[in-house]
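Each chain, letter by letter, is given below.
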Amino acid sequence: MNYLLTTLTKKQEVDSMIRDTIDKVLVLCFGRASDSIFLQLDEILYKSVREVSKFATVALVDIDSDDVQVYVKYFDITLIPSTVFFFNAHHMKMDCGSADHTKWVGTFLRKQDFLDVVEAIYRGAMKGKLIVTCPLPPDRIPKFHLLYEDV
């Protein structure tokens, strides 16, 4: 994980970050340092953190830590990287055209995509909305097909 971005490894750290981030979007990225896709997302986040610093805070969450497994189960983090958004301790949801509005699964294709998503969440949150529509065109939203074995 990036040493320049805040990395959370304990439930108490995640709790206090959610509780103490006021009037800003909190971006929590769940992943592991050994995953190449997560490292790609990590680079995009690092390049973007300065530009969103007035209206967003970005933190990484190490899903290999035993202490944060409560959040991994609660948000159903089965595919990594997964990004969850909060505003004033409220979980912000985004309609990306999939059945799951609770998180962004996968990486952003480019820096501007991340900036657009965080700005859309911030603008929606300032209007009192808890769910916003994804500002990206469908071809730039990662799609995943879940395969079930032995069902």
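Because the structure is a prediction, the values reported are computed rather than measured.

### Side note on the nonpolar core
Counting residues in each nonpolar core, the largest one holds 30 residues, and the members touching the most others are Phe85, Met94, Trp104, Phe114, Val117 and Val118. When residues of this core are traced back to their parent elements, those giving at least two are strand S2 (25-31), helix H2 (36-48), strand S3 (56-62), strand S4 (82-87), strand S5 (90-95) and helix H4 (111-126). At six residues, H4 tops the list of elements feeding residues into this core. Ignoring anything within four residues of it in the chain, the contact list for phenylalanine 114 reads Val27, Ile44, Leu45, Ser48, Val58 and Phe108. Judged by nonpolar contacts, the second largest core, of 17 residues, contains Val14, Ile18, Leu28 and Val72.

### Regarding the pattern of salt bridges
Side-chain pairing between opposite charges can occur once the charged atoms of the two side chains come close. Counted by the stated rule, this structure contains nine salt bridges. Note that lysine 103 is salt-bridged to aspartate 100, the shortest N-O span being 2.6 Å. The class for aspartate 100 is partly exposed, based on a relative accessible area of 28%. A salt bridge links aspartate 113 to arginine 110; the shortest N-O distance between them is 3.5 Å. Under the relative-accessibility criterion, arginine 110 is labelled partly exposed at 42%.

### Regarding unusual backbone geometry
In this structure, proline 81 follows isoleucine 80 across a cis peptide bond, with omega equal to 0°. Of note, proline 81 is situated in the loop between helix H3 (69-74) and S4. One non-glycine residue, aspartate 76, lies in the positive phi region at around 55°. Within the secondary structure, aspartate 76 sits in the loop between H3 and S4. One non-glycine residue, asparagine 88, lies in positive phi territory at about 50°. Tracing the chain through its elements places asparagine 88 in the loop between S4 and S5. Residue classification places asparagine 88 among the partly exposed residues on the basis of a relative accessible area of 26%.

### Re the packing of aromatic side chains
Counted by the stated rule, this structure contains eight aromatic pairs. With a centroid separation of 6.2 Å and an interplanar angle of 10°, the aromatic rings of tyrosine 71 and phenylalanine 75 are classed as stacked. A relative accessible area of 12% means that tyrosine 71 is categorised as buried. Aromatic rings pair up to connect Phe30, Tyr71, Tyr74, Phe75 and Phe86 into one cluster.

### Comments concerning H4
The periodicity of an α-helix, 3.6 residues per turn, causes residues three or four positions apart to be oriented the same way. For H4, spanning 16 residues, the distance from its first C-alpha to its last is 23 Å, which sits close to the expected 22 Å at 1.5 Å a residue. Turning to H4, its buried residues are Asp113, Phe114, Leu115, Val117, Val118, Ala120, Ile121, Gly124 and Ala125.

### Things to note about the environment of serine 48
The residue serine 48 is located in helix H2 in this model. Classification of serine 48 as buried rests on a relative accessible area of 0%. The sequence separation of serine 48 and proline 135 amounts to 87 residues, and the corresponding C-alpha distance is 17 Å.

So, how was this worked out
Numbering of residues begins from 1 in every chain and follows the order in which that chain's sequence is written. Only residues with pLDDT of 70 or above have their local features reported here, since the model is predicted, and side-chain atom pairs are shown and tallied only from 80 upward, although totals for entire chains, interfaces and linings are computed over all residues. Only hydrogens and water are removed before side-chain values are computed, so all heavy atoms of the structure are retained for them. What makes a nonpolar core is a set of buried Ala, Val, Leu, Ile, Met, Phe, Trp, Tyr and Cys residues whose side-chain atoms join them at distances within 4.5 Å. Classification of residues uses two cut-offs on accessible area relative to the type maximum, computed with a 1.4 Å probe and protein chains only: under 20% is buried, over 50% is exposed, and between them is partly exposed. For helices the rule is a DSSP run of H or I covering at least 4 residues; for strands it is a run of E covering at least 2, with both sets numbered from the N terminus onward. Every residue pair with non-hydrogen atoms within 4.5 Å of one another is taken to be in contact. The term salt bridge refers to a pairing of a side-chain nitrogen on Lys or Arg with a carboxyl oxygen on Asp or Glu at a separation within 4 Å. Here is the rule: rings of Phe, Tyr and Trp (six-membered ring for Trp) pair when centre to centre is within 6.5 Å. Planes less than 30 degrees apart are stacked, more than 60 are edge-to-face, and the remainder are tilted. One fewer than the residue count of a helix, multiplied by 1.5 Å, yields its expected span.

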